[in-house]
Amino acid sequence: MALPRYAFFQGRVVPYSEAHVGVLTHGLNYGTGVFSGIRGYWNDDEQQPFVFRPEDHYKRFLESAQMLGMTLPLDARGLTGAMMDLVRQEGFREDCYVRSLAFYADETVGVRLHDLTPETAIVALPYGRYIDKEEGAHATISSWRRVDDNAIPARGKIVGSYVNSALAKTEAMRSGFDEAIVLNGDGHVAEGSAANFLLVRNGVVLTPPITDNILEGITRRTVIDLLRDELGIPVVERSIDRSEIYVADEAMFVGTGVQIVAITRVDHRPMGNGRIGPIAAALRKLYFDVVRGRRPEYRHWCAPVYTNAEETAGRNREEAQRAAAVAHP
Ligand SMILES: Cc1ncc(COP(=O)(O)O)c(C=O)c1O
């Protein structure tokens, strides 16, 4: 993977090679950090990328920080501004991914969350697919259980808890699957290793509630709205049993990284007819139109990187009106 050219680090944009931490850094030793992953989508017609729901991602980032008793100097708007400056400097003309990290930066020994100082770092890089088979993934029920709210809060993106995700992902891939479905301590379906989970049964979409030890995903919220409002499909948030997967018509992973992945087999059993189903196919099409800024109703979710599209549209309108006034005084 090519390294980024720049990083936002210690309050300003610096060359990536200058964004260093020491090996004793608290966040590195004890996992005392939080992070966020945001995608930017290139729009060829408008010749710029749109960053998807940055303020919502940073709100969750700040909530995750709050869970670790971490106070950051920037609010969601300030973080969005810093991130947009960085992405602009990288000069992307393709899809990209932004990784933001807040971690306890003290170089010290002693596991705790108090009397420590946080640091924020943001980097951005070109990015494509996270899972190759977006239209037909083979998943397995993991032997690992999802971290519990009373162990490491699952609703936040806490660095240390990603060992749980990594164990599940590697187990699944080494066994020949594309992704893991992780159950929570109660035995209900929680999510994928880094994605939320949706299932379709009898025309209804089911997804675990946020009290079932899932990450409070931004994509999950997005697709719930799109399914209900645009596709007219009912969505029910309730606990899901493992055996419901085996009798479902369709299933999906949704997340910033995976985007919308259709699960077409689980533990060698085909889902429905073993091919991407109609709801996953329709949702994928709609989702990619929305995230690339092609649906005006959802433009408020898409932050333009190089020009403020609203301002540009306003300027164009004014120019058109001036030209019309000159032509027809
Ligand atoms: C464990 C986990 N669940 C779910 C998601 C999906 O969250 P989001 O849609 O906010 O990216 C992620 C991150 O992508 C994740 O790491």
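Right above here is the structure, for reference.
Residues numbered from 1 in each chain as written. Predicted model: local features only at pLDDT ≥ 70, side-chain atom pairs only at ≥ 80, totals over all residues. Heavy atoms only, no water.

Student: Where do I start with the site of the ligand in this structure?
Tutor: The environment of the ligand is formed by 16 residues, the closest being Arg 60, Tyr 162, Glu 191, Thr 219 and Thr 256. For the ligand, a nitrogen atom lies 3.4 Å from a polar atom in the backbone of Ala 195. One nitrogen or oxygen atom from the side chain of Thr 256 is found 2.6 Å from an oxygen atom belonging to the ligand. Within the complex, 97% of the 380 Å² of free accessible area of the ligand lies under protein. Only helix 2 (54-67) and helix 5 (218-229) provide two or more residues apiece to the shell around the ligand. Broken down by class, the residue content of the shell around the ligand amounts to five nonpolar, seven polar and four charged. (Near = heavy atom within 4 Å. Polar contact = N/O pair within 3.5 Å; in protein donor to acceptor, adjacent residues only side chain to side chain. Areas by Shrake-Rupley, 256 points an atom, 1.4 Å probe, with all protein chains shown as cover. Helix = DSSP H or I, 4+ residues; strand = E, 2+ residues; numbered from the N terminus. Nonpolar A, V, L, I, M, F, W, Y, C, P; charged D, E, K, R; others polar.)

Student: So what exactly am I meant to see when it comes to the pairing of strand 1 (residues 6-9) here?
Tutor: Looking down a regular strand, the side chains alternate between one sheet face and the other. In terms of strand pairing, strand 1 meets strand 2 (residues 12-15) through four bridges, oriented antiparallel. From the neighbouring strand, Ala 7 faces strand 2, where its bridge partner is Val 14. The hairpin formed by strand 1 and strand 2 contains two residues between the paired strands, and Gln 10 there has a positive phi angle of roughly 50 degrees. Sheet topology note: the strand 1/strand 6 (residues 118-126) ladder contains two bridges and is antiparallel. Opposite Phe 8, over in strand 6, you have Ile 122 as the bridge partner. (Pairing = 2+ DSSP bridges.)

Student: Looking at this structure, I do not really get unusual backbone geometry. What am I missing?
Tutor: Even without being a glycine, Arg 53 presents a positive backbone phi close to 50 degrees. Tracing the backbone shows Arg 53 in the loop between strand 4 (48-52) and helix 2. Residue class for Arg 53 comes out buried when judged on its relative accessible area of 8%. Of note in this structure, Asn 202 is not a glycine but carries a positive phi near 50 degrees. (Buried < 20%, exposed > 50% of the residue type's maximum accessible area, 1.4 Å probe, protein only.)

Student: Sorry, what's going on with the pattern of salt bridges here?
Tutor: Taken as a whole and assessed by the stated rule, the structure comprises 24 salt bridges. Among the ionic pairs, Glu 90 bridges to Arg 5, the shortest N-O distance being 3.7 Å. In this pair, Glu 90 is assigned in helix 3 (residues 76-90) and Arg 5 in the segment before strand 1, connecting sequence segments 85 residues apart. On the basis of relative accessibility, which here comes to 48%, the residue Arg 5 falls in the partly exposed class. Salt bridges sharing common partners tie together Arg 53, Asp 56, Lys 59 and Arg 221. (Salt bridge = Lys/Arg side-chain N within 4 Å of Asp/Glu carboxyl O.)

Student: For this particular structure, what's the right way to read the sheet that holds strand 1?
Tutor: Neighbouring strands of a sheet are bound in pairs by backbone hydrogen bonds; such pairs are parallel or else antiparallel. The strand order across the open sheet built from seven strands is 2-1-6-5-3-4-16, with neighbouring strands paired in antiparallel fashion. The strands lining the two open edges of the sheet, one partner per strand, are strand 2 and strand 16 (302-304). Averaged over all pairs of adjacent strands, the angle between strand axes in this sheet comes to 25 degrees, irrespective of strand direction. Here eight bridges tie strand 3 (residues 33-43) to strand 5 (residues 96-104), and the two strands are oriented antiparallel to one another. Looking at strand 5, one finds that Ser 36 is bridged to Ser 100. Relative to strand 6, helix 3 is tilted by about 40 degrees, and along the sheet it contacts strand 1, strand 2, strand 4, strand 5, strand 6 and strand 16. Against the sheet, helix 7 (residues 278-291) makes contact with strand 3, strand 4 and strand 16, and its axis sits at roughly 110 degrees relative to strand 4, the strand it touches most. (Axes fitted to C-alpha atoms, helices over the stretch in contact; angles between N-to-C directions. Contact = heavy atoms within 4.5 Å.)

Student: Would you explain the nonpolar core in this entry?
Tutor: As a rule of thumb, nonpolar side chains are buried together in soluble globular proteins. Formed by 28 residues in total, the largest nonpolar core has its most connected members in Tyr 58, Met 83, Val 87, Val 98 and Ile 122. Elements that contribute at least two residues to this core include exactly strand 3, helix 2, helix 3, strand 5 and strand 6. In terms of residue count, helix 3 provides more of this core than any other element does, seven residues in total. Once residues within four sequence positions are removed from consideration, Val 98 is found in contact with Ser 36, Gly 37, Ile 38, Tyr 58, Met 83, Val 87, Ile 122, Val 123 and Ala 124. One finds Ile 224, Val 254, Val 290 and Cys 302 within the second-largest nonpolar core, a separate group that totals 27 residues. (Core = buried A, V, L, I, M, F, W, Y, C linked by side-chain atoms within 4.5 Å.)

Student: Help me out: how do you make sense of the state of the cysteines in this one?
Tutor: Two cysteines form a disulfide when their sulfur atoms are joined by a covalent bond. Evaluated as defined, the whole model comprises zero disulfides. Free cysteine: Cys 96, not disulfide-bonded; nearest cysteine sulfur from Cys 302 at 13 Å. Look at Cys 96 and you get buried, because its relative accessible area is 0%. Exposure remark for Cys 302: the relative accessible area of 5% places this residue in the buried category. (Disulfide = S-S within 2.5 Å.)

As far as function goes, none of this settles anything; it's purely spatial.
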